[in-house]
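The lines below spell out each chain.
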Amino acid sequence: MELNTKYNPSEVEDKWYAYWLEHKFFHSEPDGREPYTIVIPPPNVTGILHMGHVLNNTLNDVLIRKARMDGKNACWVPGTDHASIATESKVVAKLKEMGIPKDSLTREEFLRYAWEWKEEHGGIILKQLRKLGASCDWDRTRFTMEPELSEAVINTFVYFYKKGWIYKGVRMVNWDPEALTAVSDDEVIHKDTQSHFYHLKYYISDGAGHPTDQYLVIATTRPETIMADAAICVNPADGRHHWLRGKKVLIPLINREIPVIEDDYVEMDFGTGCLKVTPAHDVHDYEIGLRHSLPVLEIIDDHGRLNEKAQILVGEDRFVARKKIVKMLEEAGNLEKVEAYTSPVGYSERTNAVIEPKLSAQWFLKMDELAKRALETVESGRTRLIPDKYMNTYRHWMENARDWCISRQLWWGQRIPAWYLPDGQVVVEPTAEAALKAAQAICPDVKAEDIKQDEDVLDTWFSSWLWPISVFDPQKPGHPDRQPNADLAYYYPTNDIVTGPDIIFFWVARMIMSGEEFMGKEPFSNVYFTGIVRDKIGRKMSKTLGNSPDPLDLIAQYGADAVRIGMLLCSSAGNDIFYDESQVEQGRNFCAKIWNSFRLVKGWKVDPAATAPEASAIAVRWFADKLNQAVETVEDHYSKFRISDALMTIYRLFWDEYCSWYLELVKPAFGQAVDPVTYEATLGFFEALIKLIHPVMPFITEELWQQLAVRAEGETIMFAPSPKAGAYDPALLQAFELAQQAVVGIRGIRNQKGLAPKEALEVLVDASFPTAVLPVVEKLALVSVQEGDAEGKTGASFVVGTSKVFVCLKVNVEEEITRLKKDLAYQQQFLAGVRKKLSNGNFVAHAPAKVIEMERKKEADALLRIESYEAALKALEK
RNA sequence: GGAAGAUUAGCUCAGUCGGUUUAGAGCACCUGCCUUACAAGCAGGGGGUCACUGGUUCGAAUCCAGUAUCUUCCACCA
């Protein structure tokens, strides 16, 4: 783009992205180089880009671009996730809008709609990532439900089933009696709801099914479920109820006898201390039932009505039944009292129906072995969690891992490869044909139409946990003994993965499990956890709140580089991100600064015959060192995943050191030309700087790199080697720092005295000031500097390091005296503090020599300052 | 209710083994400047009892205990 204009990001972004794509710079194939691999956390296939994605993918892109410039074979595999629950509910909603209820469709018809929807809306998010500059290897784009990956999922299921780790069990699900489907925990909304606490009398049985006159009282919110009671439970430590031991009680109205049992689960001071146990209709009761081998009696049907097992009120809706049974209990004399009570009740997010806990058959994967190995992977350090505070969470999860319920009552997903024979026996095989064969081995007469495939699909995580393997070699999952293909062998294990801590268990831990199982190796070396993106006042970014800006709008307004900077500036690992548009503005300002500095440098005329002024020569030597030092710091930050620190180091190097000091020093006077040596050095520094920034700001750096010199078609900054840290001279850096301090001091005096910027001053420095950097002070403070003695002159003085700087100028003596006195008092106080410390015997005895030396230096410096102030005061008072 | 983490300037955060610190950045703010790369800028400046209370130590933002507030994850109580 044109140099004499303001920087316009939209003018360059599309151009360079297209250029990068055209030359396949993002594409990677196995070769002799060291690979650096990241797999993308696959976003929902029908999702759209939000700020969380921006953060995550910016970090991914920074890491991958950095690795690419470090000479590694960088491969970032993109893709999307079929997200069964989210996608299916979107499709259901869409169909509903069209007036088509899901239950009017067959599975095949529904799936046809779903695939249509996916083709139409799928992958938008991947296109949006390009706007951000994401350098993914698009040729490797994967989708968790594409045929090959689905096959991997099925093979995995079959593998674990044959290994004996997958079993069918019973579990409480959240049943929506209106939608007639199970819903996930996430789709249940708990709302505090006004209800009643019914205190019911259960009479003790005489042993022959007849009530005695003794009774106990239980409190319940669901009297309509008493017919399903399997026991009454009390806490074994509760002395009030010891008399009940071994007794049986009768369920009111139906007079069924049930035992009294004891379990720690019961809270002694909640309700009456007696709990009715209804295993079929309460999650906890179910678990108590398991512990005590209680029978399970289901009395509520799929529509939420009482069934014939309830014996009474058969066919009534559960809420109607509740009202009626209360009346019946009252009439029968079993109702002691009713209390108003507010309790959290689960409602279906979709239908707002009250959720009914329902037992259902589900498929489970045993976790104990897998979790043990996954814990070992992290504890041994083969996979590192960053920040490591998540280690505790991880360990807790792995040590308490419950078996993984992998079936879902949905259609969108990989259907469970289990087939049922007419007699109920199950065969598990990868294909229908293989299943038929297996079935015929059991029962030779079975025909294809006699075996029925399981209706459920697999949990989405059951496909995404294979991601780091299946994106490279879909044949591998389910076959630990198979040789990995060339891609998998080369790219696995991947290096880093960037994701949110909320899915540490759902995804990260499980990828480690599958990696260990199928590859015998961890899937990645580092897990970098980002925070959650929040708005200024700390709320989660969400569509419903409307507080999430559209990243594409932001990119259009500020540029992708600015948005990337804005996200990174406030993102230390694992901490939540408080997003504020001013950070993106800061990013845009940085782009402008870089652009403008380039305009300056490119605008210079070069005089081939000129020699470098002393100030420029010093500046070049100094900045080369400064750059080396900064590169070293940046590398250190990257190695510790301190990305925002790395960015801030570069930001300050460019803005504060390169622009504010270096360029000001070497800048030729108006109308003058620059000498060739300085010019070349300046361009060299500029190139090093933009290479350093490129991983963070890919677009502007490519534009400038291309303009900086004549580049051949097919060249790119993306493969320009990262600047390497060289040696630097700490003495030079320190001397320059003194010069900077002197300049700042002189400017301060000018400011204070209201002197014009160009009014020449005479400055005297004492012998301990490094004379080598005097030209710097001369050039930047517009003064003539010389070593000298301030004796007999009027002016202001200050101390830089250990040397005195005296500025000769006309001053208001009174004012100067007041100021000096104030400074003097402060220094004396400081000195007293230091001396107190140094006279402390314990300090001298215990502190490291280094620290004591430092204190002595402080003392000496303070003394020097005091001396200098006193001298100046004396001179002024004369 | 259980667990983990956090609390440093108006805001967002660094502070790496307890000692290069009289606690640092960036943004915001205030003052002065449309100075020939840049007002999306330049030169300056103010602003902190490191949540609170104790303890350990020669020395604490840093380690320990307690208190308060917040966040997240898990369980949500018949």
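Within every chain, residues take consecutive numbers counted from 1 along the sequence as written. All chains are assigned letters beginning with A, and all ligands numbers beginning with 1, in the order in which they are written. Note on the predicted model: pLDDT of at least 70 is required for a residue's local features to be given, and 80 or more for side-chain atom pairs to be given and counted; whole-chain, interface and lining totals, by contrast, use all residues. The basis for the side-chain values is all heavy atoms of the structure; hydrogens and waters are excluded.

Asker: It is not clear to me how the overall build of chain A should be interpreted in this structure. Could you clarify?
Answerer: A count of helices and strands for chain A gives 27 helices and 29 strands. Only C-alpha atoms enter the radius of gyration, while the globule expectation follows 2.2 Å times N to the 0.38, with N the number of residues. Expected size for 878 residues packed as a compact globule is a radius of gyration near 29 Å; at 38 Å, chain A overshoots this value by more than 25%. For chain A, the spread of C-alpha atoms along the principal axes amounts to about 120 × 65 × 50 Å. The burial tally for chain A puts 53% of its 878 residues in the buried class. If you take every contact in chain A between residues at least 6 apart in sequence, the share linking residues at least 24 apart comes to 76%. The accessible surface values rely on the Shrake-Rupley method and a 1.4 Å probe; as for residues, cover is taken only from the protein chains in view. Approximately 39,700 Å² of chain A is accessible, and the part contributed by carbon and sulfur atoms is 52%. Just so you know, the count uses Lys and Arg for positive and Asp and Glu for negative, and it drops His and the chain ends. In plain terms, the charge of a residue is placed at NZ if it is Lys, CZ if Arg, CG if Asp and CD if Glu. Charged side chains in chain A number 102 positive and 126 negative. The centres of these two groups are separated by 3 Å. Only DSSP runs of H or I with at least four residues qualify as helices, and only runs of E with at least two residues qualify as strands; both kinds are numbered from the N terminus onward. Categorising residues by exposure relies on relative accessible area from a 1.4 Å probe, with only protein chains included: less than 20% of the type maximum marks a residue as buried, more than 50% marks it as exposed, and the intermediate range marks it as partly exposed. Residues are treated as being in contact if the distance between any of their heavy atoms lies within 4.5 Å.

Asker: Teacher, can you tell me more about the confidence of the model for chain A here?
Answerer: As a general rule, the predicted coordinates of low-pLDDT regions are not to be interpreted in detail. This prediction gives chain A a mean pLDDT of 88; 96% of its residues lie at or above 70. The complex prediction reports pTM at 0.89, with the ipTM value standing at 0.92. Looking at any residue, its pLDDT shows the predictor's confidence there, from 0 to 100.

Asker: So what exactly am I meant to see when it comes to the sheet that holds strand β27 (residues 783-787) here?
Answerer: By definition, the strands of a sheet pair up through backbone hydrogen bonds, in either a parallel or an antiparallel sense. By this definition, two strands are paired if DSSP reports at least two bridges between them. With mixed pairing, four strands are arranged side by side in an open sheet as β27-β26-β29-β28. The sheet is open, and its two borders are formed by β27 and β28 (795-800), each paired with just one other strand. Sheet twist, expressed as the mean angle between neighbouring strand axes with direction ignored, is 25°. Pairing between strand β26 (residues 761-765) and β27: five bridges, direction parallel. Among the inter-strand pairings, V765 is bridged to a residue of β27, identified as E787. Along the sheet, helix α27 (residues 849-877) makes contact with β28 and β29 (803-808), crossing β28 at roughly 175°. All axes are obtained by fitting lines to C-alpha atoms, using only the stretch in contact for helices, and the reported angles, taken between N-to-C directions, cover 0 to 180 degrees.

Asker: So what exactly am I meant to see when it comes to the protein's contact with RNA strand B here?
Answerer: The environment of RNA strand B is made up of 59 residues, and the closest members are H284, Y341, Q586, F670 and Y826. The nearness test applies per residue and asks whether one of its heavy atoms lies within 4 Å of the molecule or strand. Protein-proximal atoms of RNA strand B, defined as those within 4 Å of the protein, fall in sugar or phosphate at a share of 61%. Polar contact criterion, stated in full: a pair of N or O atoms within 3.5 Å, where within protein one must be able to donate a hydrogen and the other to accept it, and residues adjacent in sequence count only if both atoms are side-chain atoms. In this structure, a phosphate oxygen belonging to RNA strand B sits 2.4 Å away from a side-chain N or O atom of H284. At 10 residues, the largest contribution of residues to the surface near RNA strand B is made by helix α18 (residues 581-603). Here the residues of the surface near RNA strand B are counted per class, giving 26 nonpolar, 17 polar and 16 charged. Think of it as three bins: nonpolar holds Ala, Val, Leu, Ile, Met, Phe, Trp, Tyr, Cys and Pro, charged holds Asp, Glu, Lys and Arg, and polar takes everything else, Gly as well.

Asker: Help me understand the pairing of strand β8 (residues 211-220) in this model?
Answerer: Two faces, one strand: in a regular strand the side chains alternate between the faces of the sheet. In terms of strand pairing, strand β7 (residues 188-205) meets β8 through seven bridges, oriented antiparallel. Residue pairing in the sheet places H199 in a bridge with A219 of β8. Counting the residues in the hairpin turn of β7 and β8 gives five residues, including G207, whose phi is positive at 105°.

Asker: How should I be thinking about the pattern of salt bridges in this particular structure?
Answerer: Here the idea is simple: oppositely charged side chains can pair when their charged atoms come close. Here, a salt bridge means any side-chain nitrogen of Lys or Arg that lies within 4 Å of a carboxyl oxygen of Asp or Glu. Evaluation of the coordinates by the stated rule reveals 49 salt bridges. Between K66 and E635 there is a salt bridge, and its shortest N-O distance comes to 3.1 Å. Of this pair, K66 sits in helix α2 (residues 51-69) while E635 sits in helix α19 (residues 614-639), placing them 569 residues apart in sequence. The network of salt bridges with shared partners includes R222, E224, R318, R322 and E356.

Asker: What is the right way to look at the layout of surface pockets in this model?
Answerer: Here the idea is plain: a probe the size of a water molecule rolls over the atoms and shows the empty space left. Think of a 1 Å grid over just the protein atoms. A cavity is a set of points where a 1.4 Å probe fits yet cannot get out, a pocket is an open set with protein on both sides within 12 Å along at least five of seven lines, and lining residues have an atom within 4 Å of a point. Grid points are joined across faces, edges and corners, and a volume is the space filled by probe spheres set on the points. Looking at the second largest pocket, its volume works out to about 430 Å³. Lining the second largest pocket are 22 residues, with A790, E791, F806, A871 and A875 sitting closest to its centre. Secondary structure elements with two or more residues in the lining of the second largest pocket: β26, β29 and α27. Sort the elements by how many residues they give to the lining of the second largest pocket and α27 lands first, with six residues. Among the residues making up the lining of the second largest pocket, the classes are represented as 10 nonpolar, five polar and seven charged.

Asker: Help me understand unusual backbone geometry, please; the structure alone is not making it clear to me.
Answerer: Trans peptide bonds make up the majority, and among non-glycine residues the majority have a negative phi. Following I386, the chain continues to P387 via a peptide bond in cis, the omega torsion being 0°. Residue L253 is not a glycine yet carries a positive backbone phi of 70°. For L253, the location among the structural elements is in the loop between β10 (248-250) and β11 (257-262). The phi dihedral of L313 is positive, around 55°, even though this residue is not glycine. Positionally, L313 belongs in the loop between α7 (283-291) and α8 (318-332).

Asker: Even after reading the chapter, I still don't get the side chain of D561, so can you show me in this structure?
Answerer: Residue placement: D561 occurs in helix α17 (residues 560-569). The charged side chain of D561 is buried without a salt bridge, its nearest counter-charge being R564 at 4.9 Å. Polar side-chain contacts of D561 include one of 2.8 Å to the backbone nitrogen of I700. Contact partners of D561, with chain neighbours within four places excluded, come to Y7, E13, C591, M697, P698, F699 and I700.

Asker: I keep staring at helix α5 (residues 124-132) and nothing clicks. Help me out?
Answerer: At 3.6 residues per turn, the α-helix brings residues three or four places apart onto the same side. Within α5, the full set of buried residues consists of I125, L126, Q128, L129 and L132. Buried residues of α5, seen end-on, are gathered within an arc of 155° and therefore sit on one face of the element. In this fold, the buried residues of α5 make contact with α2, β3 (79-80), α16 (551-558), α17 and α22 (698-708). Looking one or two places after α5, you find G133, whose phi comes out positive at around 100°. It is the directions from the helix axis to the C-beta atoms whose arc is reported.

Asker: I tried to follow the state of the cysteines on my own but got confused; where do I start?
Answerer: What makes a disulfide is a covalent bond joining the sulfur atoms belonging to two cysteines. Our working definition of a disulfide is a cysteine sulfur pair at a distance within 2.5 Å. A complete count under the given rule lists zero disulfides for this structure. Free cysteine: C233, not disulfide-bonded; nearest cysteine sulfur from C274 at 9.2 Å.

Asker: Is there a simple way to explain empty space enclosed by the protein in this structure?
Answerer: Taken as a whole and assessed by the stated rule, the structure comprises three cavities of 30 Å³ or more. As a volume, the largest cavity reaches approximately 50 Å³. Lining of the largest cavity is provided by K66, V634, Y638, K691, L692, P695, S722 and P723. Elements represented by at least two residues in the lining of the largest cavity include exactly α19 and α21 (676-693). By residue class, the composition of the lining of the largest cavity is five nonpolar, one polar and two charged. By volume, the second largest cavity is sized at about 40 Å³. Taken together, G795, A796, S797, F806, E816, L820, A872, A875 and L876 make up the lining of the second largest cavity.

Asker: Can you help me understand the packing of aromatic side chains in this one?
Answerer: Centre distance and the angle of the planes are the two values used to describe a pair of aromatic rings. Stacked, tilted and edge-to-face are the three classes assigned to paired rings of Phe, Tyr and Trp, where Trp is represented by its six-membered ring and a pair needs centres within 6.5 Å; plane angles under 30 degrees give stacked, over 60 edge-to-face, the rest tilted. Counted by the stated rule, this structure contains 45 aromatic pairs. Considering the side-chain rings of W397 and F505, the 4.2 Å spacing of their centres and the 10° angle between planes classify their relative orientation as stacked. Placement of W397 in helix α10 (residues 390-399) and of F505 in helix α15 (residues 504-519) is noted, with a sequence separation of 108 residues between them. Their ring planes at 50° and their centres at 4.7 Å tell us that F590 and Y651 sit as a pair that is tilted. In this pair, F590 sits in helix α18 while Y651 sits in helix α20 (residues 643-666), placing the two residues 61 residues apart along the sequence. Residue class for F590 comes out buried when judged on its relative accessible area of 0%.

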